[in-house]
Amino acid sequence: MGADHGGSYWCILDRDNGDNMTNVQWDKVKSDMRAAIGAGNYKSWIEPLTLVTAAEGVARLGAPSPFVGDYVGKTYGDQIIYHLNRHGMAVQRLAFDVEGAANTPVQPAAKPAQAKPANAQADAQPDQRFTFDSFVVGKPNELAHAAAKRVAEGGPTTFNPLFLYGGVGLGKTHLMHAIAHELGEKRPDLNVLYVSADQFIYRFISALRDRKMMDFKQHFRSVDVLMVDDIQFLEGKESTQEEFFHTFNALVDLGKQIIISADRAPGEIRDLSERIKSRLQCGLVVDLHPTDYELRLGILHAKQEMFVNVYPGVEIATGVLEFLAHRISSNVRVLEGALNRLYALASLVGRTVSVEMAQDCLSDILRASDRKLTIEEIQRKVSEHYDIRLSDMLGPKRTRTLARPRQVAMWLCKQLTSRSLPEIGRKFGKRDHTTIMHGVRKIDELRQSDSQIADDLEMLRRALED
Ligand SMILES: Nc1ncnc2c1ncn2[C@@H]1O[C@H](COP(=O)(O)OP(=O)(O)OP(=O)(O)O)[C@@H](O)[C@H]1O
């Protein structure tokens with residue numbers, strides 16, 4: 001998910017990129033908020049905020065202190081999101097940045113923060129909401145949860161690194177923050193550092209530019225537990241990879257724990273050097289599977305309990321949560337965003353939310369969710385099913401063991417997505433649309449004559465549409 005992780009985290013802010021269009025909308029949001037919460041609350045909490053950026057569903061707000069950001073996020077976050085949406089900004093989450101210089105106080109880390117060189121970026125702090133208690137466990141994530149729990153005990157390292165991977169918004173970042181919280185409680189003596197791969201890259205480049213490589217190396221090599229989130233963003237960044245590799249080796253040699261997350265398995269991250277891939281595979285590699293209906297419903301119920309205090313008196317009719325769990329299966333972040341929006345709406349209109357109201361108010365999310373299946377997901381599922389590597393599915397080899405699964409995936413893409421043949425072709429290693437057409441026809445023929453292929457197609461289709 002890039003550098004954003006479902007909640008606020010604190011970093012020093014670069015404020016050069018506000019844009020006029022969003023600032024006009026932000027002013028409207030502020031004035032709506034003033035009407036909704038009264039002038040006094042407005043002056044204390046909303047007026048001091050600035051809109052930094054709004055992109056990819058995340059609005060970054062500048063706050064004068066961590067406390068203000070934290071309080072606003074918890075107390076008014078959903079209402080702000082609601083108004084941002086009303087004014088045409090498709091935002092599902094807020095992230096708060098502390099305005100000011102490098103010496104801005106941040107929340108206490110798992111271990112007291114070390115003195116940082118001037119201009120250094122403050123370490124991200126674990127998000128208060130992402131704990132093991134708030135993580136709902138179901139079949140798709142039980143292994144990842146168990147592995148994270150084991151690492152969070154802070155005992156001798158049994159598997160190193162722990163590599164968590166899975167699709168967008170399935171809880172990788174949540175689990176990493178939960179490990180940081182628990183280690184903070186159980187082993188306050190340990191120095192725990194969490195960074196997104198983006199931050200790692202940024203710091204590395206800054207250190208090179210400022211000739212502070214010694215500080216950089218010392219910072220990363222003095223930790224007891226290093227967590228790097230979304231490591232796929234190191235793809236193609238050779239010199240950063242090199243440095244990461246040295247950091248990784250140094251820490252493993254010292255017996256320090258490393259936890260990595262990515263949106264795919266180590267072997268499937270393209271443009272990542274082979275030695276890093278093999279290093280990453282040395283420990284425990286665990287997959288967070290896409291959520292199933294039960295898990296989604298469980299998450300919605302847990303979230304509903306949390307809302308009881310934030311929105312006292314707001315009622316959601318029976319059947320609404322089930323409706324959401326059925327219809328929104330893309331990722332948990334979207335599911336949470338939908339529920340947030342419903343609560344904000346209910347508190348504004350003062351009515352119980354019915355399924356019809358939910359349908360109306362969430363029509364954009366529901367539409368997007370209907371189109372949710374991506375070519376990448378299909379390719380991934382089919383490679384898993386036939387036990388071949390994703391890179392082979394996309395690559396040039398034409399042996400039967402690879403060509404058939406590839407054609408099956410092409411057929412499913414044609415059936416289950418609204419993508420055109422040229423678009424599908426591009427995603428299959430830049431193949432021509434006539435190749436896709438040929439593949440689709442071949443499978444159409446085979447499903448009449450080969451019952452094994454027909455069964456495979458049915459099974460895959462069900463798994464993908466679940
Ligand atoms: N099992 C779960 N129980 C409770 N909340 C969950 C669960 N899984 C995900 N979430 C919530 O969904 C949101 C997205 O999760 P998170 O940011 O951890 O996803 P991610 O896998 O890191 O995504 P990305 O690939 O975008 O980095 C968070 O608000 C998180 O709390």
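Please read these numbers as outputs of a predicted model, since none were measured by experiment. (Residues numbered from 1 in each chain as written. Predicted model: local features only at pLDDT ≥ 70, side-chain atom pairs only at ≥ 80, totals over all residues. Heavy atoms only, no water.)

### Quick word on the pairing of strand S6 (residues 225–229)
Part 1: Counting buried positions over the five residues of S6 gives five, a clear majority of the element.
Part 2: Two strands pair when backbone bridges link them, and strand S5 (residues 192–196) and S6 are joined in this way by five bridges, in the parallel orientation. Looking across to S6, one finds that Val 192 is bridged to Val 225.
Part 3: Note: S6 against strand S7 (residues 257–262), four bridges, orientation parallel. Its bridge partner being in S7, Val 228 is matched across the sheet by Ile 260.
Part 4: The parallel pair S6 and S7 is bridged by helix H8 (residues 238–253), and the resulting crossover is right-handed. (Buried < 20%, exposed > 50% of the residue type's maximum accessible area, 1.4 Å probe, protein only. Helix = DSSP H or I, 4+ residues; strand = E, 2+ residues; numbered from the N terminus. Pairing = 2+ DSSP bridges. Right-handed = clockwise from strand over helix to strand, strands pointing away.)

### Here we look at empty space enclosed by the protein
Part 1: In the structure shown here, the tally under the stated rule is two cavities of 30 Å³ or more.
Part 2: Size it by volume and the second largest cavity reaches roughly 40 Å³.
Part 3: Going through the elements one at a time, helix H3 (66–86) and helix H12 (332–349) are the ones with two or more residues in the lining of the second largest cavity.
Part 4: For the lining of the second largest cavity, the element with the highest residue contribution is H12, accounting for three residues.
Part 5: Its residues assigned to classes, the lining of the second largest cavity comprises four nonpolar, three polar and one charged.
Part 6: Each of two domains, domain 1 (20–98) and domain 3 (293–370), supplies a minimum of three residues to the lining of the second largest cavity. (1 Å grid on protein atoms, 1.4 Å probe; cavity = no way out; pocket = protein on both sides within 12 Å on 5 of 7 lines; lining within 4 Å. Points joined across faces, edges and corners; volume = space filled by probe spheres on them. Nonpolar A, V, L, I, M, F, W, Y, C, P; charged D, E, K, R; others polar. Domains from an automatic or database assignment.)

### Some remarks on the UniProt feature "binding site: ATP" (unreviewed entry) in the protein chain
Part 1: Residues annotated in UniProt with the feature "binding site: ATP" (unreviewed entry) correspond here to Gly 169, Gly 171, Lys 172 and Thr 173.
Part 2: As for its position among the elements, Gly 171 is in the loop between strand S4 (162–166) and helix H5 (172–186).
Part 3: The residues contacting Lys 172, other than those within four sequence positions of it, are Leu 164, Tyr 165, Gly 166, Gly 167, Asp 230, Ser 261, Ala 262, Asp 263 and Leu 288.
Part 4: Within polar-contact distance, the side chain of Lys 172 engages the backbone oxygen of Gly 167 at 2.8 Å. (UniProt positions renumbered as here; feature names shortened; annotations may be inferred. Contact = heavy atoms within 4.5 Å. Polar contact = N/O pair within 3.5 Å; in protein donor to acceptor, adjacent residues only side chain to side chain.)

### Regarding the packing of helix H17 (residues 400–416) against helix H19 (residues 433–449)
Part 1: The interhelical angle for the contact between H17 and H19, taken along N-to-C directions, is 95 degrees, at an axis separation of 8 Å. On the basis of their axis angle, the class for H17 and H19 is roughly perpendicular. For the pair H17 and H19, contact is made by Arg 404, Gln 407, Val 408, Met 410, Trp 411 and Lys 414 and by Thr 435, Ile 436, His 438, Gly 439, Val 440, Lys 442, Ile 443, Asp 444, Leu 446 and Arg 447, respectively.
Part 2: Across the contact of H17 with H19, the residue classes break down as seven nonpolar, four polar and five charged. (Axes fitted to C-alpha atoms, helices over the stretch in contact; angles between N-to-C directions. Parallel < 35°, antiparallel > 145°, perpendicular 65-115°, else oblique.)

### Concerning helix H7 (residues 213–221)
Part 1: If you check which residues of H7 are buried, you get Met 213, Phe 216, His 219 and Phe 220. Looking straight down H7, one finds its buried side chains confined to an arc of 130 degrees; they lie on one side. In H7, the exposed residues that point more than 90 degrees away from the buried face are Met 214 and Gln 218.
Part 2: Turning to H7, the residues buried within the fold contact S5, helix H6 (197–209), S6 and H8. (Arc of directions from axis to C-beta.)

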